[in-house]
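Given next are the chains, with one letter for each unit.
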Amino acid sequence: MSDPWSPDRVMSLTEALAALTQAESEKFFLAHGLDDAYRRPGAWSSKSQKVTSAIREAMARGDDFYIALFGKAEEFVAKSAASQAPLRSEATKGEVKNMASGRSIFISHATQDKPLADELGRFLVLGGVPRESIFYSSERSTGIPSGESISSYLRSALVRSTLVIELISKSFLERPFCLMEMGAAWVLEKDTYPIVVPPLSRERVGQALGDIRVATMVDDFEVVSLVDELHEKVQKQLSGVSLRLQDWNAAGRSFKEYWARHLNPSR
């Protein structure tokens, strides 16, 4: 491996990572726990500034962490260049429409469930969904910009969306805004994917919302089914975006581990 401390090699790698698409760069740093450092310069900063911030954070975490990251980054850049060439060729023909048309996945959730919404957003990005195609209001980088009317922006984001994922928890059922989002999605005939969040039960949701088909996370099998169903729905709604099963399933395993640690009431 080339010298990871060489200024020329650091600059060369920084430029290579910055030359990737926004989704690819974020995906790499998210996978290695450096997403906060990547976003630290702010939304208006250049991609090079964001990559530099993440690399500096990697250096600050010690030699072993940085050297390992350097090797993985070179491998990622090489593989990405090979695998994304056909997709980029199609994009130049205007076939990857979601990149330019705004966010397409709307995650509806109660503020108290932000950790789960964060983990779901992380799962989608690691699975291959461009971050700019995801909206959920509690996250600054994907939510409502400063100075915007909350209700108007939410309405606009919901209208633009093609898939609405609803995290139905006890808090969700108690929040008028959440229920309004759910009703609006129904009125707009959006494709929806309601997920019941433990310890809330399917029966309790039925009592509150009526007979609707929902996904649950009661056991490992249901979480695996959820991962599979989401792949099918997201792939259908994000036309032109290729979700590699290898990446999706790896991200799904991470999401399943989060569920086992934080959501499964029996563990």
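As shown above, the structure is provided for reference.
Residues numbered from 1 in each chain as written. Predicted model: local features only at pLDDT ≥ 70, side-chain atom pairs only at ≥ 80, totals over all residues. Heavy atoms only, no water.

Trainee: Is there a simple way to explain the pairing of strand 1 (residues 105-108) in this structure?
Mentor: Consecutive side chains along a regular strand alternate between the two faces of the sheet. Judged by which residues are buried, strand 1 turns out to be covered on both faces: Ile105 and Ile107 on one side and Phe106 and Ser108 on the other are all buried. Assessed by its sense of winding, the connection that carries the chain from strand 1 through helix 6 (residues 114-126) to strand 2 (residues 134-135) is right-handed. Bridging between strand 1 and strand 3 (residues 163-168) involves four bridges; their strand directions are parallel. Its bridge partner lying in strand 3, Ile105 is registered against Leu163. (Buried < 20%, exposed > 50% of the residue type's maximum accessible area, 1.4 Å probe, protein only. Helix = DSSP H or I, 4+ residues; strand = E, 2+ residues; numbered from the N terminus. Right-handed = clockwise from strand over helix to strand, strands pointing away. Pairing = 2+ DSSP bridges.)

Trainee: What's the story with the sheet that holds strand 5 (residues 215-216) in this structure? I'm lost.
Mentor: What links the strands of a sheet is backbone hydrogen bonding, and the strands pair in either a parallel or an antiparallel sense. The strand order across the open sheet built from five strands is 2-1-3-4-5, with neighbouring strands paired in parallel fashion. Strands at the two margins of the open sheet, each flanked by one partner only, are strand 2 and strand 5. Note: strand 1 against strand 2, two bridges, orientation parallel. Residue Phe106 lies in a different strand from strand 2, and its bridge partner there is Phe135. Seen against the sheet, helix 9 (residues 176-187) touches strand 1, strand 3 and strand 4 (191-196) and runs at an angle of roughly 145° to strand 3. (Contact = heavy atoms within 4.5 Å. Axes fitted to C-alpha atoms, helices over the stretch in contact; angles between N-to-C directions.)

Trainee: Please explain the packing of aromatic side chains as it appears in this structure.
Mentor: Each aromatic ring pair is characterised by the separation of its centres together with the angle its planes make. For the coordinates displayed, the defined rule picks out seven aromatic pairs. Residues Phe106 and Phe135 carry aromatic rings whose centres are separated by 5.0 Å and whose planes lie at 35° to one another, so their mutual orientation is tilted. Of the two residues, Phe106 sits in strand 1 while Phe135 sits in strand 2, which places them 29 residues apart along the sequence. Here a set of aromatic residues connected by ring pairs shows up, and it is made of Phe28, Phe29, Tyr38 and Phe76. (Phe/Tyr/Trp six-rings, centres within 6.5 Å; stacked < 30°, edge-to-face > 60°.)

Trainee: What am I meant to see in the nonpolar core here?
Mentor: Across soluble globular proteins, nonpolar side chains have a tendency to be buried as a group. Ranked by size, the top nonpolar core spans 34 residues in total, and within it Ile107, Leu120, Leu124, Val129, Ile165, Val234 and Trp248 carry the most contacts. Taken together, the elements giving at least two residues each to this core come down to strand 1, helix 6, strand 3, strand 4, helix 11 (220-237) and helix 12 (245-262). In this view, Ile165 contacts Ile105, Phe106, Ile107, Ser108, Leu120, Leu124, Tyr193, Ile195 and Leu230; residues no more than four positions away in its chain are not counted. Listed in part, the 18 residues of the second largest apolar core include Leu20, Tyr38, Leu69 and Phe70. (Core = buried A, V, L, I, M, F, W, Y, C linked by side-chain atoms within 4.5 Å.)

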